[in-house]
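Residue-level structural notes
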Amino acid sequence: MINQVTSPVIEVHDLTVSYDQSPVLWNVDLSLPSGKLIGILGPNGAGKSTLIKAIMGLVNPTSGYVKIFDHRLEDVRNRISYVPQRESVDWNFPASVLDVVMMGTYGKLGLFKRPGKKEKEIALGCLDQVGMMSFVNRQISELSGGQQQRVFIARALAQEADLYLMDEPFAGVDMATETAIFQLLKDMTAKGKTIVVVHHDIHSAMNYFDWIIMLNLHLVGSGPTELVMTEELLRKTYGGKLNLLTKVTELIRQKDFNPLKN
Ligand SMILES: Nc1ncnc2c1ncn2[C@@H]1O[C@H](COP(=O)(O)OP(=O)(O)O)[C@@H](O)[C@H]1O
Ligand SMILES: [Mg+2]
């Protein structure tokens with residue numbers, strides 16, 4: 001099932017991506033609406049990170065192409081913010097929390113302009129939004145995984161982008177923080193931002209996202225949560241891992257969730 005979208009923010013056309021000549025994403029075609037909180041679901045190795053990287057131009061597709069805001073990526077890069085998976089980052093790099101979040105403001109500065117008072121204020125405001133104000137001068141290497149994740153989200157906020165691509169932003173984050181950040185992302189979509197999040201928990205995904213992409217090397221589904229979150233598509237996506245699904249499919253049967261309630 002592929003839902004057509006008018007004025008899509010992201011269009012992925014017949015995208016195939018390979019590493020060492022073996023494809024890990026096959027012929028993915030999708031378009032995504034603006035102003036929504038969008039989840040990417042799929043098992044480990046499904047190609048979720050690869051899809052985000054391909055959208056960001058960080059991996060070259062074997063075939064196909066991506067358009068963002070109806071433009072080529074190069075023309076709109078400064079309107080996009082990317083939060084990589086936490087494990088892919090060198091956290092021993094000597095930098096303070098404030099340094100890292102200030103980096104988020106660089107894209108909007110001219111080539112020869114240094115960040116100043118205004119940028120610092122933006123950075124502090126973003127740290128406040130993720131509850132990290134008391135860690136401003138801490139080295140990033142000294143933070144817990146969940147705190148590092150929050151700093152990364154603050155850096156993304158400081159970019160003041162229109163489109164956010166976040167790879168497992170809730171990994172290693174405690175439940176209270178996850179709920180707070182989710183609310184923050186929800187508020188951002190209410191202001192017209194589009195947020196695409198790779199997420200590992202099917203259960204919370206039902207409540208969090210307006211729109212869900214289900215991926216397992218091929219695109220299984222992409223559409224409004226209430227249309228895509230079906231037992232059939234979950235089984236296609238997660239295959240034999242039925243234990244994991246039992247609880248979720250039970251909930252779907254009971255119609256014990258309503259994605260519109262948030
Ligand atoms: N740089 C790489 N080189 C070779 N294989 C890779 C590389 N990155 C990812 N892969 C492989 O591609 C597949 C999809 O990976 P990935 O997109 O990271 O999946 P996910 O994020 O859904 O767990 C996996 O089998 C993974 O091992
Ligand atoms: Mg991944």
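Note: the structure precedes this text.
Residues numbered from 1 in each chain as written. Chains lettered and ligands numbered in written order. Predicted model: local features only at pLDDT ≥ 70, side-chain atom pairs only at ≥ 80, totals over all residues. Heavy atoms only, no water.

Positive phi values are uncommon outside glycine, yet E160 reaches one of about 45°. By the element assignment, E160 lies in the loop between α5 (145-158) and β6 (163-167). One non-glycine residue, E168, lies in the positive phi region at around 50°. Residue placement: E168 occurs in the loop between β6 and α6 (175-190). (Helix = DSSP H or I, 4+ residues; strand = E, 2+ residues; numbered from the N terminus.)

The next point concerns the site of ligand 1. Looking at ligand 1, the residues that line it are Y19, V24, P43, N44, G45, A46, G47, K48, S49 and T50. Measuring from an oxygen atom of ligand 1, one finds a backbone N or O atom of G45 at 2.8 Å. A distance of 2.5 Å separates an oxygen atom of ligand 1 from a polar atom in the side chain of T50. Coverage of ligand 1 by the protein chains reaches 57% of its 560 Å² of free accessible surface. For the shell around ligand 1, the leading source of residues is helix α1 (residues 48-55), giving three residues. (Near = heavy atom within 4 Å. Polar contact = N/O pair within 3.5 Å; in protein donor to acceptor, adjacent residues only side chain to side chain. Areas by Shrake-Rupley, 256 points an atom, 1.4 Å probe, with all protein chains shown as cover.)

Turning to the coordination of the magnesium ion (ligand 2), a few remarks are in order. Looking at the magnesium ion (ligand 2), one finds its protein donor set to be S49 (OG) and Q85 (OE1), positioned 2.1 to 2.6 Å from the metal centre. Residue S49 is located in helix α1, and its partner Q85 is located in the loop between β5 (80-83) and α3 (97-103); the two are separated by 36 residues in the primary sequence. For S49, a relative accessible area of 19% puts it in the buried group. (Donors = N, O, S within 2.8 Å, 3.2 Å for Na, K, Ca; no water. Buried < 20%, exposed > 50% of the residue type's maximum accessible area, 1.4 Å probe, protein only.)

In this structure E168 is buried but unpaired, with K48 as the nearest side chain of opposite charge at 4.8 Å. Those residues in contact with E168, other than ones at most four positions away along the chain, are K48, Q85, Q149, V198 and H200. (Lys, Arg positive; Asp, Glu negative; His and termini not counted. Salt bridge = Lys/Arg side-chain N within 4 Å of Asp/Glu carboxyl O. Contact = heavy atoms within 4.5 Å.)

The next thing to look at is the packing of aromatic side chains. All told, the structure shown has four aromatic pairs when counted by the stated rule. Arranged with centres 4.8 Å apart and planes meeting at 50°, the rings of W91 and F152 form a pair that is tilted. Placement of W91 in the loop between β5 and α3 and of F152 in helix α5 is noted, with a sequence separation of 61 residues between them. For the pair W91 and F152, one class covers both residues: buried. Both rings, one in Y208 and one in F209, keep their centres 6.1 Å apart while their planes meet at 85°; by these two values the pair is edge-to-face. (Phe/Tyr/Trp six-rings, centres within 6.5 Å; stacked < 30°, edge-to-face > 60°.)

Now for the pairing of strand β8 (residues 211-216). Among the six residues of β8, five are classified as buried, and the element is accordingly described as predominantly covered. Sheet topology places strand β3 (residues 37-41) next to β8; four bridges connect them, and they run parallel. Considered in β8, the bridge of G39 is made with I212. Sheet topology places β8 next to strand β9 (residues 218-224); six bridges connect them, and they run antiparallel. From the neighbouring strand, N216 faces β9, where its bridge partner is H218. Connecting β8 to the antiparallel partner β9 that follows it, the hairpin turn spans one residue, and L217 within it adopts a positive phi of roughly 65°. (Pairing = 2+ DSSP bridges.)

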